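Given next are the chains, with one letter for each unit.
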Amino acid sequence: MTELLPDSPDTEASSRNKIPPEFYRTQHKLRLSYMPWLYFELKPVHREWAEDWQKNVQSYLTAVETVHVGKSCFIAPEAKLFAEPGRPIIIGDGSYIAADCVLHGPIKIGKNVSINHHVTMDGGRMGITIGDNSRIAANCQLYAFNHGNLPDTLICEQPIKSKGIAVGSDVWLGANVGVVDGVVISDHVIVGMSSQITRDVEAYKIIAGNPARIIGDRREKK
């Protein structure tokens, strides 16, 4: 059996030169969709086509949904944004939304906010707000509504309530965090992976668990 050896640098370079740049561009776009922070670090040779690509993605969204996009933003084309009239999605300057996110307004996202892949947010009636410079890691789920639980009524017929969710500035929600309706997360909070937040969180606290509890404070000296 013939052993397959990796190409030498010269052979690899020669092979690459025979392949059109568009071939690699498809994969490059996919990489940016799932790792959008790389978009803001692109070299000039890639920046031109990437900005045109994003202009088309964002123009389409703002035409078909009530979406308002700030300056220097990135929205993966694989992200799903739904914003009917009266339920807008507002995205602040320098923020990004990665692939496979599902966002249903009303949602207001501040400046320099990262929404990583597979995040789900539903603003219910009262909405979700995310403060400036916050980080929402992969697979987080924020639902700004809840069903009633009356014993004599089917779950599918229960009334739906909405109080809204507020996430402050400089907040970090770790991967797989859940946030229930009515919660206020103050500025500078850190939430550990897979935590479920069921009550308000004071500024600078570090919390984790299900339900989440305080395990530290960012102002404590290490």
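Residues numbered from 1 in each chain as written. Predicted model: local features only at pLDDT ≥ 70, side-chain atom pairs only at ≥ 80, totals over all residues. Heavy atoms only, no water.

Draft legend 1. Geometry of the sheet that holds strand β1 (residues 67–69). The parallel open sheet is built from six strands, whose spatial order is β1-β4-β7-β10-β15-β18. Looking along the sheet, the strands with just one partner apiece sit at the ends: β1 and β18 (184–185). Relative to strand β4 (residues 89–91), β1 runs parallel, the two sharing three bridges. Across the sheet, the residue bridging to V67 is I89, located in β4. (Pairing = 2+ DSSP bridges. Helix = DSSP H or I, 4+ residues; strand = E, 2+ residues; numbered from the N terminus.)

Draft legend 2. Representation of helix α3 (residues 44–64) in the model. The terminal C-alpha atoms of α3, which comprises 21 residues, lie 31 Å apart, in line with the 30 Å expected from a rise of 1.5 Å per residue. Among the residues of α3, W49, A50, W53, Q54, V57, Q58 and L61 are the ones counted as buried. All buried residues of α3 project into a common sector of 165 degrees when viewed along the axis, lining one side. Opposite its buried face, α3 presents the exposed residues P44, E48, K55, N56 and A63, each directed more than 90 degrees away. (Expected span 1.5 Å × (residues − 1). Buried < 20%, exposed > 50% of the residue type's maximum accessible area, 1.4 Å probe, protein only. Arc of directions from axis to C-beta.)

Draft legend 3. Fine view of the pairing of strand β22 (residues 212–217). Taken together, the five bridges between strand β21 (residues 205–209) and β22 define a ladder with antiparallel strand orientation. What sits directly across from G209, in β22, is A212. Hairpin remark: β21 followed by β22, antiparallel, with two residues in the connecting loop.

Draft legend 4. Representation of the pattern of salt bridges within the structure. Under the definition given, this model contains six salt bridges. Salt-bridge contacts for E51 lead to R47; the nearest nitrogen and oxygen are separated by 3.7 Å. Linking E51 with R47, this pair stays in helix α3, spanning four residues, or about one helical turn. Look at R47 and you get partly exposed, because its relative accessible area is 21%. (Salt bridge = Lys/Arg side-chain N within 4 Å of Asp/Glu carboxyl O.)

Draft legend 5. Region of the structure containing the sheet that holds strand β19 (residues 190–191). Spatial strand order, β2-β5-β8-β11-β16-β19-β21-β22: eight strands in an open sheet with mixed pairing. Each edge of the open sheet is held by one strand with a lone partner, namely β2 (74–75) and β22. Pairing analysis gives two bridges linking strand β8 (residues 114–115) to strand β11 (residues 135–136), with the strands arranged parallel. Considered in β11, the bridge of I115 is made with I136.

Draft legend 6. Molecular detail of the pairing of β21. Sheet topology places β19 next to β21; two bridges connect them, and they run parallel. Looking at the pairing, I190 lines up with I206 of β21.

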